[in-house]
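Here is how the chains run, residue by residue.
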Amino acid sequence: MSDRIKLVLADDQTLFRESLSNILKLKAKEFDVVGLAQNGEEAVALAASTAPDIILMDVRMPILDGVEATKIIHERFPDIKIMMLTTFDDDEYILHAIQNGAIGYIIKTIPPNELITSIMALKNGIFQMSPSIAGKLARQKVWEQTKTNMLNKEPLPSWFLSLRAKERALLLLICQGYTNKEIGNRLYLAEQTVKNYTSRIYEAMEVDNRHAAIKKALDANIDQL
């Protein structure tokens, strides 16, 4: 019984909440859905009374929204893992949810089998995020740094401005020492695609290897994105 995963589902839409519960029970025999909540307040109560391994938490709910409920649960029960399962990919909600302790942010349209895989990975402490959200966060991070440099009147290198958002995000990961395979996993790209992007980055930077690219990025403070 210790190998079974206890789940709480929190969503204010009764049909979605109950349908998801039935799907998980049918497709994943190792899951036990131990509670259904229709608002954040009920989710907090169920966290205390059922001690679930994982809570799938909607963002927008009445009485207490999912982000605030996540904060409360994370503070009181840090061992419970929380994944936001939502229709919204607004930057504000994503960042606040992660800052408040969520270790996953998945769009509700995810196919059931992929959701099950994400839950299993989450149980092992592996952060989960839909590709569209991951890309959006990468682009937002690049834009925030661009604005900061503009306000500080620090000119960005022309080679950097010529890179697309995903290429800039990839360069940041290169500077942080990630391998092509690790970068692919983080940006949801095939390893060969990462190599293709890297070649394009080298061309723009006028370098021919990773060491030279990192040095040039460090010299231009691009690693601070």
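None of the values given here were measured: they were computed from a predicted structure.

Calculation criteria
Residues numbered from 1 in each chain as written. Predicted model: local features only at pLDDT ≥ 70, side-chain atom pairs only at ≥ 80, totals over all residues. Heavy atoms only, no water. Buried < 20%, exposed > 50% of the residue type's maximum accessible area, 1.4 Å probe, protein only. Helix = DSSP H or I, 4+ residues; strand = E, 2+ residues; numbered from the N terminus. Pairing = 2+ DSSP bridges. Core = buried A, V, L, I, M, F, W, Y, C linked by side-chain atoms within 4.5 Å. Salt bridge = Lys/Arg side-chain N within 4 Å of Asp/Glu carboxyl O.

A. Local environment of the pairing of strand E4 (residues 81-86). For E4, a buried count of 5 out of 6 residues is recorded, marking the element as mostly surrounded by other parts of the structure. Summarising the sheet, strand E3 (residues 54-57) and E4 pair through 4 bridges and their orientation is parallel. Directly across from Ile55, in E4, lies its bridge partner Ile82. Here E4 runs beside strand E5 (residues 104-107); their pairing, made up of 3 bridges, is parallel. Looking at E5, one finds that Met84 is bridged to Tyr105.

B. Here's a closer look at the nonpolar core. Counting 22 residues, the largest nonpolar core has Ile55, Met57, Ile73, Ile82, Met84 and Tyr105 as its most contacted members. Breaking this core down by element, the ones donating at least two residues are strand E1 (5-10), helix H2 (40-50), E3, helix H3 (66-76), E4 and helix H4 (91-99).

C. Representation of the pattern of salt bridges in the model. Following the criterion strictly, the structure yields 6 salt bridges and no others. Asp32 is the partner of Arg4 in a salt bridge, and the nearest nitrogen-oxygen pair spans 2.8 Å. Residue Arg4 is located in the segment before E1, and its partner Asp32 is located in strand E2 (residues 31-37); the two are separated by 28 residues in the primary sequence. A residue is classified by how much of its surface remains accessible, and Arg4, at 26% relative accessible area, is partly exposed. Residue Asp32 is classed as partly exposed on the basis of its relative accessible area, which comes to 24%. Between Arg164 and Glu167 there is a salt bridge whose closest N-O contact spans 2.9 Å. Glu167 sits in the buried class, given a relative accessible area of 0%. Counted as one network, the salt bridges with shared partners bring together Asp11, Asp58 and Lys108.

Remember, this is a structural readout, not a statement about activity or role.
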